[in-house]
Amino acid sequence: MSVILAIESSCDDTSVAICNNGKITANVIANQTIHQNYGGVIPELASRVHQQNIVPSVQQALIDAKVTKQDINAVAFTRGPGLLGSLLVGVSFAKSFALALNIPLISVNHMHAHILAHFIDDPKPNFPFLCLTVSGGHTQIVLVKDYFDMEIVGETLDDAAGEAFDKTAKILQLPYPGGPLIDKHAKLGNPQAFKFAVPQIPELNFSFSGFKTSILYFIRKQEKENPNFIAENLDDICASVQYSIIQILMNKLKKAAKQYGINEIAIAGGVSANSGLRNTLQEMATELGWKVYIPAFQYCTDNAGMIAIAGYQKYLINDFVGQEVSPMARMEF
Ligand code: KG4
Ligand code: ZN
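Bear in mind that the values here come from a model prediction, so they are computed numbers and not experimental data.

J.: Give a description of the UniProt feature "binding site: substrate" (unreviewed entry) in the protein that names residues and reports values.
T.: Sites flagged by UniProt as "binding site: substrate" (unreviewed entry) map to T133, V134, S135, G136, G137, D166, G179, D183 and N274. Within the secondary structure, G136 sits in the loop between β6 (129–134) and β7 (139–146). With near-sequence residues (within four places) excluded, G136 lies in contact with A160, G162 and E163. Overall, the relative accessible area of 52% leaves G137 in the exposed class.

J.: Could you give an account of the environment of S214, naming the residues involved and the relevant values?
T.: Note that S214 resides in helix α6 (residues 209–225). Residue class for S214 comes out partly exposed when judged on its relative accessible area of 29%. The spatial distance from the C-alpha of S214 to the C-alpha of L105 is 46 Å, given a sequence separation of 109 residues. Here the side chain of S214 touches F211 through a polar contact of 2.7 Å, landing on its backbone oxygen.

J.: Describe unusual backbone geometry, with residues and values.
T.: At the junction of F127 and P128, the peptide bond is cis and its omega measures out at -10 degrees in the coordinates. Examined against the element boundaries, P128 turns out to sit in the loop between α3 (110–116) and β6. Here the bond from Y176 into P177 is cis, since omega is -10 degrees, no more than 30 degrees from zero. Mapped onto the fold, P177 is located in the loop between α4 (161–171) and α5 (179–186). The backbone of N21 sits at a positive phi, close to 50 degrees, despite the residue not being glycine.

Conventions we followed
Residues numbered from 1 in each chain as written. Chains lettered and ligands numbered in written order. Predicted model: local features only at pLDDT ≥ 70, side-chain atom pairs only at ≥ 80, totals over all residues. Heavy atoms only, no water. UniProt positions renumbered as here; feature names shortened; annotations may be inferred. Helix = DSSP H or I, 4+ residues; strand = E, 2+ residues; numbered from the N terminus. Contact = heavy atoms within 4.5 Å. Buried < 20%, exposed > 50% of the residue type's maximum accessible area, 1.4 Å probe, protein only. Polar contact = N/O pair within 3.5 Å; in protein donor to acceptor, adjacent residues only side chain to side chain.

Listed below in structure tokens is the structure:
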């Protein structure tokens, strides 16, 4: 029997989840809206809002899961990677909670947890599988051999896929975070309306920084001829940019599947909430005979449910850490 409390505070969302014998019975996510005023996450403000949100979020999670503090057997927390100040709030809270209740502490890598979110609901992938992890800070193709035996076989050399979405949104004067808004407008537009060059990067790696610049130059040029270009073509621009980003991601995923002879394919991270990417992956399932795994929306973007399930797997093997543990902004995979 195990009840695990999990804390996620790596970026701008405070999240607290509870895992009861392998089932997620609470997943509270307190979003921070303050950053919208600045067009990106302001680390110092994020830490302060985490401090305000963490205690009420824990209280809500206990209510949702119908358990008391005394029922908790271990506390799992995101150690990194992420914003140091934000991580510090979650790590300090987890340490004090574990100390007060005299229960073990479990350290979780945020990027492992995005992948392990696939073990929350059925169907669960079979090892080994390939996971395309696409978030605001990372773009990786990971060969997942076991719960904690994972190898990055391809990654971005510069910007992440989420950044490509967010920076394009900024160019289009859409508020932060722009990914979900591009998704929304793309549904109404023509993906073939405009063509953007797909970068040619060796092996299984990605690059999005030149791609982003090409969009910026394209928009500037069009605006010179027609100052209302963005407003008049927003849906088509969003659809075309999204189409290109998905092409870039899928080309490498197909290459990896072929190279490793694996047809169990998963996606994870915030960008896996993108409806175009989700649909394209489903099409690949039919076209290439892949078995695809797409997380439920609440487990795509940052959430503590994924930290709780990763914590549960570590709890089963008694993988605990001591009170001396500290957050790591750049945590090794
Ligand atoms: O995993 P996540 O919540 O946080 C990080 O660990 O970075 O990912 C956030 C990223 C942001 O760049 C956001 O714009 C993007 O995920 N995102 C999306 C969508 N929902 C979130 N991008 C495209 N389409 C979406 N529907
Ligand atoms: Zn994340």
